[in-house]
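Coordinate analysis (summary)
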Amino acid sequence: RARGRREPILPPPIRARILAELDEARAAGTSVLLDAPLLLETGLVEFCDEVVFVAADPDERRRRAAQRGWPPGELDRPEAAQLPLAQKQARATRAVDNNSDLTRTAQQVDTVLAALESAHP
């Protein structure tokens, strides 16, 4: 069955709380970072000034899932219920390549955060 028929992607009380907290942050003049794998699917992307896509190749994602003890194929199920990664990446304004080690990824995140701070003082 399709995910939407099985369960809501974002239950209304959670969506309402996120939107209320975004309104509070906007009123206070503060920035908010949403870590939301379903950002596009839930419509929360409409409230974002910037979208950062964190990319890792399929083989790398599978390797990491296996390291975390996920059985083979387990990663494919949630990804099949989401928009294609290429579509998500196309909607992004910035990207981080997460195919390398944690140090390299952290450097890229620092660079993106600095750019965001400059673009949205």
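Look up: the structure comes first, before these words.
Source: prediction; values computed, not measured.

Of the two faces of strand β1 (residues 52-55), only one is covered, namely that formed by Phe53 and Ala55; the face formed by Val52 and Val54 stays uncovered. Pairing of β1 with strand β2 (residues 94-97) involves four bridges; the strand directions are parallel. Bridge pairing in β2 links Ala55 to Asp97.

On the secondary structure map, Glu41 appears in helix α3 (residues 39-42). Under the relative-accessibility criterion, Glu41 is labelled buried at 19%. For Glu41, the side chain forms a polar contact with the main-chain nitrogen of Leu83, separated by 2.7 Å. Not counting chain neighbours up to four residues away, the residues in contact with Glu41 comprise Ile9, Gln82, Leu83 and Lys88.

What follows concerns the nonpolar core. Counting eight residues, the largest nonpolar core consists of Leu39, Leu40, Leu44, Val45, Val51, Phe53, Ala55 and Ala92. Going through the elements one at a time, α3 and β1 are the ones with two or more residues in this core. For Phe53, the contacting residues outside a window of four places in its chain are Leu85, Lys88, Gln89, Ala92, Arg94, Ala95 and Val96.

A few words now on the pattern of salt bridges. Scanning the entire structure with this criterion turns up ten salt bridges. Glu46 is paired through a salt bridge with Arg91; the nearest N and O atoms lie 3.6 Å apart. Here Arg91 lies in helix α6 (residues 85-91) and Glu46 lies in the loop between α3 and β1, a separation of 45 residues in the sequence. With a relative accessible area of 58%, Glu46 lands in the exposed category. A salt bridge links Glu50 to Arg94; the shortest N-O distance between them is 3.1 Å.

The rules we used
- Residues numbered from 1 in each chain as written.
- Predicted model: local features only at pLDDT ≥ 70, side-chain atom pairs only at ≥ 80, totals over all residues.
- Heavy atoms only, no water.
- Buried < 20%, exposed > 50% of the residue type's maximum accessible area, 1.4 Å probe, protein only.
- Helix = DSSP H or I, 4+ residues; strand = E, 2+ residues; numbered from the N terminus.
- Pairing = 2+ DSSP bridges.
- Polar contact = N/O pair within 3.5 Å; in protein donor to acceptor, adjacent residues only side chain to side chain.
- Contact = heavy atoms within 4.5 Å.
- Core = buried A, V, L, I, M, F, W, Y, C linked by side-chain atoms within 4.5 Å.
- Salt bridge = Lys/Arg side-chain N within 4 Å of Asp/Glu carboxyl O.

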